[in-house]
Amino acid sequence: MKKYLLLLFISISFFCKGFAEEGMWLPQLLQSLNEKEMKRMGMKINASDIYNIGKGSLKDAIVSFGGFCTAEVISDKGLLLTNHHCGFDQIQNHSSIQNNYIRDGFWAYNTGQELKNPGLFATFIIRIDDVTKAVLNGVSSSLPEKERQSLIDKNMTAVRSAAKKEAYQDILIRSFFEGNKYFLFITETYRDIRLVGAPPSSVGNFGKDTDNWMWPRHTGDFSMFRIYADKNNKPAAYSADNVPYKPKRALNISLDGVKEGDFTMVFGFPGRTMEYLHSSAIAQTVNVSDPAKIAIRTKALQVIDGFMRSNEEIKIQYAAKYANISNAWKKWQGEILGLTKTNAVAKRKELEASFEKIVLSKPELNMAYMGILQNLEKAYNAIEPYAYARDYYSEIFSKIEILGFANQLKSLVNAYSNNGETGYNTTQPKVIERLGELYGEYNADVDKKLFEVLMEMYVADQKDEYVSPYFKNLLKQNDHNYAKTAAVVFERSKIYNKENLLALLTGNAKDVVDAIKNDPAYQLTLDMQQTFNNTVAEKLNSIQAEINQLQRKYMQAQMDVFTKKSFYPDANSTLRVTYGNVKPYQPRDGVKYEFQSYMDGVMQKYVPGDYEFDLPKKLINLYNKKDFGRWGVNGRQPVCFIAANHTTGGNSGSPALDAYGNLVGLNFDRVWEGTMSDINYDPSICRNIMVDIRYVMFIVDKYAEAKNLIAEMKFVSRKKK
Ligand code: ARG
Ligand code: GLU
């Protein structure tokens, strides 16, 4: 009887553990690793419908958008869907006082109105091949790191030249599992990508920083572009003669929405995760590196916010910068919270204990991996002070912009010392252009205050030997007063506005270079860089190299030890599939979040005239009349939903597909409590956030009345009418 009960208990706990929603899987391996489980979770199509190199499959509708986001093809005329925040640069570039597309949105009502975007590209993945054997040919574990890398480089060159591809295609080889595997990608990159549509920011970025990384969410974070090709449908530089691209595959759009428990998958280009770290590395993130970066950004954001609130011009100039600084700042706070709450360090230690036990039980594992955990721990402890110094240096250096300006001037000084007047003359206009762009979104008063506040942290929170002697001296000359020191640097330096810069850069090359070398901001920049290089960088890099080598070995070790587990490689900006079910979550005791949000919530958050929560009149009217067209259900308009898909930065703009491979949502964020999924995915609180595709269509159809776009898309429904 007892035995049966035990068996029953084991099988119940096995099933209660549920499905492995964790993982960013390689599309070409779904069939062997994931298909069975995906079907058990509700998928109705086959792995070969997702990835197939013989015929069109879902992968042929997915592109890397500009290398930093994902987008998907949603019509036979190459229409692309991505996030508003992914297309924001382009929307901003086309905006002016007269045509304020950021504020008012933009819609092309025919292809002639679509706007070109130099530099923007969309990359398809044609084929993925395992080239591990060829790349690691001759590489033995005893080879010193440097020789190992040069042998790998040599092998990769050979693999590249042997690979079959068309002239218009490219080859990419990337390392996976921390250098234990290599895959080759044949890609096609289209470079004539035009802006088709974007909602006003009050829809596309509704809730801004307050709602960022939060659920419940009410943002219509989408924009639309179109791929153009030459007459043969091949990639081509922008030309007025180019025509809309005819895709191998376009996604169908589902009208059915999602229910709790429904299968979903997200297909895209996740950027970077670190799921296989040693517990001491996780502890370091929680206790040292996240808190340091958060502290610096908290100060910086306070300064910028203060100016933005009292000055309309600064508010516009600093909007994007503020959003950028605050995005990671907020994410790190969620990361600490989640890692702490889910006991990530303790759980990782448990995993290490069972790893150790198995290693000790088998002689061959013992031989290969004995002591690896201890070595990792030692290395992470050794790197801690240097990693902290690096975070401090790079966070502060990048927030005080005058130091960045001086760094630009360094390229001019270097050009002169390397190539004399010729070098100077070719570099000088580039520097003026680059700095000219930066001055457009810059205010010296804000920067001076940032200098004052952040340089105090630079001195106060770091070991004295890591601090620039030049700055310490400057500070001493100014009574150890940071405000006074900042004032002096800005007064004497010439480089915080365009007139001063032009004055500084006028005259013969030698005099200009001498004048630059006398600029206090320039001198400070050089000394900060040198101090960092001498006291931190060298040590940091050598320990980091050791850690990389150990992590590579530890990755292989985990695969050799936990033989029953399927492993997925950390994200590295390559194409991945992640899948999970639509699910509510419970972030803390007594609070449970539903999986779906509606327009009622948009209206509840509405604050007329507010910087974050204002709404367009027309949208409010549509809501008041309940004029949702075929996009609403039972008199309500769905807006966003969440599911347990394992996503990260770079998955922005990725399609969320249902069990049949139809488009139901557009990925754009994660919930705050779950941002630690980059280090430790936990199914209890990790959720990705998607715009419901019916909200996207409602905005295109009812708000923008872009019937031309609705007409080119294909809609499907499995519901009986
Ligand atoms: N948190 C999302 C991401 O990491 C959205 C960022 C854009 N939105 C914003 N309010 N800053 O990219
Ligand atoms: N917003 C993120 C991006 O731009 C996606 C959210 C996340 O990090 O999961 O990629």
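None of these values were measured; they are calculated from a predicted model. (Residues numbered from 1 in each chain as written. Chains lettered and ligands numbered in written order. Predicted model: local features only at pLDDT ≥ 70, side-chain atom pairs only at ≥ 80, totals over all residues. Heavy atoms only, no water.)

Caption draft 1: A look at empty space enclosed by the protein. Under the counting rule described, the total for this entry stands at 1 cavity of 30 Å³ or more. Taken together, A389, Y393, Y458, Q462, Y466, F532 and V536 form the lining of the largest cavity. Taken together, the elements giving at least two residues each to the lining of the largest cavity come down to α15 (372-399) and α22 (520-561). For the lining of the largest cavity, the per-class residue count stands at 6 nonpolar, 1 polar and no charged. (1 Å grid on protein atoms, 1.4 Å probe; cavity = no way out; pocket = protein on both sides within 12 Å on 5 of 7 lines; lining within 4 Å. Points joined across faces, edges and corners; volume = space filled by probe spheres on them. Helix = DSSP H or I, 4+ residues; strand = E, 2+ residues; numbered from the N terminus. Nonpolar A, V, L, I, M, F, W, Y, C, P; charged D, E, K, R; others polar.)

Caption draft 2: Seen up close, the side chain of Q90. By the element assignment, Q90 lies in helix α5 (residues 88-93). Discounting chain neighbours no more than four positions away, the residues touching Q90 are N117, L120 and F225. (Contact = heavy atoms within 4.5 Å.)

Caption draft 3: Up close: the state of the cysteines. One pass over the full model with this rule turns up 1 disulfide. Here C69 engages in a disulfide with C86; their sulfurs sit 2.2 Å apart. Between C69 and C86 the disulfide shows an S-S torsion of about -75°. By sign, it is left-handed. Pair noted here: C69 is in strand β2 (residues 69-73) and C86 is in the loop between β3 (79-82) and α5, with a separation of 17 residues, a long-range link. Residue C86 is classed as buried on the basis of its relative accessible area of 2%. (Disulfide = S-S within 2.5 Å. Buried < 20%, exposed > 50% of the residue type's maximum accessible area, 1.4 Å probe, protein only.)

Caption draft 4: Fine view of the site of ligand 2. What surrounds ligand 2 is the set H85, W213, T648, G649, G650, N651, S652, F668, D669 and R670. Between G650 and ligand 2, the recorded distance is 2.6 Å, taken from a backbone N or O atom to an oxygen atom. Within the contact set of ligand 2, an oxygen atom lies 2.6 Å away from a side-chain nitrogen or oxygen of R670. Protein coverage of the free-state accessible area of ligand 2, which is 300 Å², stands at 87%. Here the shell around ligand 2 is built from residues that sort into 2 nonpolar, 6 polar and 2 charged. (Near = heavy atom within 4 Å. Polar contact = N/O pair within 3.5 Å; in protein donor to acceptor, adjacent residues only side chain to side chain. Areas by Shrake-Rupley, 256 points an atom, 1.4 Å probe, with all protein chains shown as cover.)

Caption draft 5: Highlighting the environment of G138. Within the fold, G138 resides in the loop between α7 (132-135) and α8 (145-162). Put simply, G138 and I152 are 14 residues apart on the chain and 8.9 Å apart in space, counted from C-alpha to C-alpha. If we ignore the near neighbours within four places in the chain, the residues touching G138 are L143 and L151.

Caption draft 6: The arrangement of the site of ligand 1 in detail. Taken together, the residues surrounding ligand 1 are H85, N205, K208, D209, N212, W213, N327, F668 and D669. Here an oxygen atom of ligand 1 sits 3.4 Å away from a polar atom, N or O, in the side chain of H85. N205 places a side-chain nitrogen or oxygen 3.4 Å from a nitrogen atom of ligand 1. With the chains in place, 85% of the 340 Å² that ligand 1 exposes on its own is no longer accessible. Of all elements in the fold, only α10 (208-211) and β20 (663-670) reach the threshold of two or more residues within the shell around ligand 1. Considering only residue class, the shell around ligand 1 consists of 2 nonpolar, 4 polar and 3 charged.

Caption draft 7: Quick look at the packing of helix α11 (residues 279-310) against helix α17 (residues 444-460). Two elements in contact, α11 and α17, have axes whose closest approach is 10 Å; the angle formed by their N-to-C orientations is 155°. Taken together, α11 and α17 sit at an angle that is classed as roughly antiparallel. α11 and α17 meet at a crossing whose hand is right-handed. Contact residues: α11 offers A295, I296, K299, A300, V303, I304 and F307, while α17 offers D445, V446, K449, L450, V453, L454 and M457. Looking at the contact of α11 with α17 residue by residue, the classes come out as 11 nonpolar, no polar and 3 charged. (Axes fitted to C-alpha atoms, helices over the stretch in contact; angles between N-to-C directions. Parallel < 35°, antiparallel > 145°, perpendicular 65-115°, else oblique. Left-handed = near helix turned anticlockwise from the far one by under 90°.)

Caption draft 8: Spatial organisation of the confidence of the model for the protein chain. Chain-level statistics for the protein chain give a pLDDT mean of 95 and a share of 97% at 70 or above. Predicted confidence is poor over residues 5-18, with pLDDT under 50, and the contacts of this stretch with residues over four places away or in other chains come to 0 contacts. (pLDDT = per-residue confidence, 0-100.)

Caption draft 9: Molecular detail of the pattern of salt bridges. This structure, assessed with the given rule, holds 32 salt bridges. Here K331 makes a salt bridge to D678, at a shortest N to O gap of 2.4 Å. Of this pair, K331 sits in helix α12 (residues 312-341) while D678 sits in the loop between β20 and β21 (688-692), and the two are 347 residues apart along the sequence. Taken individually, K331 and D678 each receive the classification buried, so the pair is uniform in this respect. With its nearest N and O atoms 3.1 Å apart, the salt bridge here joins K472 to D464. Each of K59, D60 and K248 takes part in a single network of salt bridges with overlapping partners. (Salt bridge = Lys/Arg side-chain N within 4 Å of Asp/Glu carboxyl O.)

Caption draft 10: Structural view of the packing of helix α21 (residues 509-518) against α22. In contact at an axis separation of 5 Å, α21 and α22 are set at 70° when each is read in the N-to-C sense. It follows from the interaxial angle that α21 and α22 lie roughly perpendicular. Note on element contacts: α22 touches α21 through P520, Y522 and Q523, opposite I516, K517 and N518. Considering only residue class, the contact of α21 with α22 consists of 3 nonpolar, 2 polar and 1 charged.

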